[in-house]
2 protein chains.
Amino acid sequence: MKFKKMLVPAMRKITCIRMFIVTVICCLITSFFTNASAQNGQRFMRVARIVVDSAQLDDYKAALKEGMESAVRTEPGVLSLYAVYDKEEPTHVTVFEIYLDEDAYKAHIQTPHFKKYKSTVQNMVKSLELSDVSPIALEAKSKL
Amino acid sequence: MKFKKMLVPAMRKITCIRMFIVTVICCLITSFFTNASAQNGQRFMRVARIVVDSAQLDDYKAALKEGMESAVRTEPGVLSLYAVYDKEEPTHVTVFEIYLDEDAYKAHIQTPHFKKYKSTVQNMVKSLELSDVSPIALEAKSKL
């Protein structure tokens, strides 16, 4: 009986340590895949180069940002959308897009938030050049 | 004494649950910052557009990939390097670069792996256009 009384807390301690170790391992695995999966060459990727009407640049940026946020937040297949503007030519915008696959991209352009973006900016965009691209290497730390 | 014997395992259980909860919260915070820090507008970012000699394209890609892998793996300030080529014009390469700050970029171009890349590719590159860019929005799921 005395032995059992000593054993129970010891076993609880072991269970506790086990639970802790399993949780840490799960976190490490998640972190590993966060890094490693960025190497995946099967993604559907494109680069959009846009020249915006300078008088409407702020409105354009707001519309783009809103559409991008909705897409990444609500669409499982929209993995990454990075939009930047050239410091020397601020009307020159580049969007670097990564989708899970081509179907995810096709689904994306049918969403209400994408259609809203397109209709909002239709008179703000002076030129649009879309390039389908393939990865040479996608290297990223897990924390940007 | 009996009360104490009952209390000790109960307290251990509470400590165990606490440790588990703290670990889970830490993971959630890490995950949050993995996403949220991508929004950081203080990063130093640039887009490089490179046209490569078609006869040396494979060698160029290998050198670029090697240099990028070394940079992201060994330099704390090199956060993300995405290199892609145009599907229709495979000699047209775009590299989307995110550094912690401008100092991290300056340190990067002094590294042996960057210098090795530059000397390896000097006769492979037909044109190079570098643009310093600022983010409009950087939206990414934590797992690419």
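Residues numbered from 1 in each chain as written. Chains lettered and ligands numbered in written order. Predicted model: local features only at pLDDT ≥ 70, side-chain atom pairs only at ≥ 80, totals over all residues. Heavy atoms only, no water.

The name recorded for chain A in an unreviewed UniProt entry is Antibiotic biosynthesis monooxygenase family protein, from Danxiaibacter flavus.

1. Section: the packing of helix α2 (residues 57–74) of chain B against helix α4 (residues 112–121) of chain B
Residue and element names in this part refer to chain B. Two elements in contact, α2 and α4, have axes separated by 9 Å at closest approach and are oriented at 170 degrees. Viewed along their axes, α2 and α4 adopt a mutual orientation that is roughly antiparallel. Together, Tyr60, Ala63, Leu64, Glu66, Gly67, Ser70, Ala71 and Thr74 of α2 and His113, Lys116, Tyr117, Thr120 and Val121 of α4 make up the contact between the two elements. Across the contact of α2 with α4, the residue classes break down as six nonpolar, five polar and two charged. (Axes fitted to C-alpha atoms, helices over the stretch in contact; angles between N-to-C directions. Helix = DSSP H or I, 4+ residues; strand = E, 2+ residues; numbered from the N terminus. Parallel < 35°, antiparallel > 145°, perpendicular 65-115°, else oblique. Contact = heavy atoms within 4.5 Å. Nonpolar A, V, L, I, M, F, W, Y, C, P; charged D, E, K, R; others polar.)

2. Some remarks on the side chain of Glu75(A)
Examined against the element boundaries, Glu75(A) turns out to sit in the loop between α2 (57–74) and β2 (78–86). Buried charge without a partner: Glu75(A) forms no salt bridge, and the closest opposite charge is Lys141(B), 8.0 Å away. At a separation of 2.9 Å, a polar atom in the side chain of Glu75(A) contacts the side chain of His108(A). In this view, Glu75(A) contacts Ser70(A), Ala104(A), Ala107(A), His108(A), Thr111(A), His113(A) and Lys141(B); residues no more than four positions away in its chain are not counted. (Buried < 20%, exposed > 50% of the residue type's maximum accessible area, 1.4 Å probe, protein only. Lys, Arg positive; Asp, Glu negative; His and termini not counted. Salt bridge = Lys/Arg side-chain N within 4 Å of Asp/Glu carboxyl O. Polar contact = N/O pair within 3.5 Å; in protein donor to acceptor, adjacent residues only side chain to side chain.)

3. Examining the pairing of β2(A)
Taking burial as the measure, the nine residues of β2(A) include eight buried ones, the bulk of the element. Sheet topology note: the β2(A)/strand β3 (residues 92–99) of chain A ladder contains seven bridges and is antiparallel. Counterpart to Tyr85(A) in the pairing with β3(A) is Val93(A). Counted between consecutive antiparallel strands, the loop separating β2(A) from β3(A) contains five residues. Two elements, β2(A) and strand β4 (residues 125–140) of chain B, share seven bridges in a ladder whose sense is antiparallel. Across the sheet, the residue bridging to Val84(A) is Pro135(B), located in β4(B). (Pairing = 2+ DSSP bridges.)

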